[in-house]
Amino acid sequence: MDRFNNRFKIEVMRNKTLLITGSNRGTGYGIAKYFYDKGYTIISLNKTLKKEAWLGEIECDLRYPDRIIDICEVLVENKISIDVCVLNAAIRKLSFMEEMAYEDWRNSVAVNYTAIFYLLKSLLPIFKESKTYITVMGSHAASHYFEGGMAYCSTKAALKAMVEVFIQETRSYGIRTTLINAGAINNRPKGHANKKIQPESIAQCIYSIINSNTDMLLGELEIRPSQPLQSKDVGIMKLQYV
């Protein structure tokens, strides 16, 4: 533990620990704050540091597998317990394929998909020991496709297969994993905030799931705003846009 703290300057002193990616803003920040207020130690893997001590930040650019593996190896070597893991970080690059930069595609695949694999694989020894509850943040974009969503929709859709296989391979160890496919979340100030799911609501949902009966595994959860924006078209007229 001393080597761990000397390297990352995080004190794991509370009863339980949450490891989360992308907690410097938006949904991730809301989840981290909710769990911190519930008494959890927070370990955050963030590319951009918010520099709030309670977040327990470790600088990690998820585009680079070597960095992920290096951090995970230190966590495993120091036998850090992880009660809850929320894989939240994502890149949302929206543009038509014809206009998309190759780098935007590479980075989207690296962060939204490949990094999830490296984290799940590298931290598996801890997950087995801790009986970790893992939540992977998906999106409605995984099944509700749209123009300009080539990178985002594709990577979010691929998570369904990854999480399903992971569940089948690991639930015998007492690891429970849930893929959450969420609709519009109020994680950036872009208007219509009252028509979106609040980050705190996502956090409360996750907290409720992890405290459900241990004989039950919720493999996939789809959630959406209770008061969505209204479409200008109704009924069968909607089909002309599909």
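For the structure itself, look to the data block above.
The notes below deal with the structure included here. (Residues numbered from 1 in each chain as written. Predicted model: local features only at pLDDT ≥ 70, side-chain atom pairs only at ≥ 80, totals over all residues. Heavy atoms only, no water.)

1. Brief notes about the pattern of salt bridges
- Tallying each qualifying case throughout the model produces 5 salt bridges.
- A salt bridge links Asp 70 to Arg 67; the nearest nitrogen and oxygen atoms lie 3.5 Å apart. Note that Asp 70 and Arg 67 are positioned in helix α3 (residues 65-77) at a spacing of 3 residues, about one turn of the helix.
- Relative accessible area serves as the criterion here: at 25%, Asp 70 is assigned to the partly exposed category.
- We classify Arg 67 as partly exposed; its relative accessible area is 28%.
- Close ionic contact of Lys 160 with Glu 220 constitutes a salt bridge, the shortest N to O distance being 2.5 Å. Note that Lys 160 is positioned in helix α6 (residues 150-170) and Glu 220 in strand β7 (residues 220-223), a separation of 60 residues in sequence.
- Residue classification places Lys 160 among the partly exposed positions, given a relative accessible area of 47%. (Salt bridge = Lys/Arg side-chain N within 4 Å of Asp/Glu carboxyl O. Helix = DSSP H or I, 4+ residues; strand = E, 2+ residues; numbered from the N terminus. Buried < 20%, exposed > 50% of the residue type's maximum accessible area, 1.4 Å probe, protein only.)

2. Side note on the packing of aromatic side chains
- Here the structure, examined in full by the defined rule, presents 7 aromatic pairs.
- With a centroid separation of 5.6 Å and an interplanar angle of 65°, the aromatic rings of Tyr 29 and Trp 54 are classed as edge-to-face. Pair noted here: Tyr 29 is in helix α2 (residues 26-37) and Trp 54 is in the loop between β2 (40-46) and β3 (57-59), with a separation of 25 residues, a long-range link.
- Here Tyr 29 falls in the partly exposed class, since its relative accessible area comes to 23%.
- When its relative accessible area of 18% is taken as the criterion, Trp 54 is described as buried.
- Taken together, the ring pairs in this structure connect Tyr 34, Phe 35, Tyr 40 and Tyr 207 into an aromatic cluster.
- In this structure, Lys 50 is placed above the aromatic ring of Tyr 29, and the distance from its NZ or CZ to the ring centre is 5.0 Å.
- The ring centre of Tyr 173 lies 4.3 Å from the NZ or CZ of Lys 128, which sits over that ring. (Phe/Tyr/Trp six-rings, centres within 6.5 Å; stacked < 30°, edge-to-face > 60°. Lys NZ or Arg CZ within 6 Å of the ring centre and 35° of its normal.)

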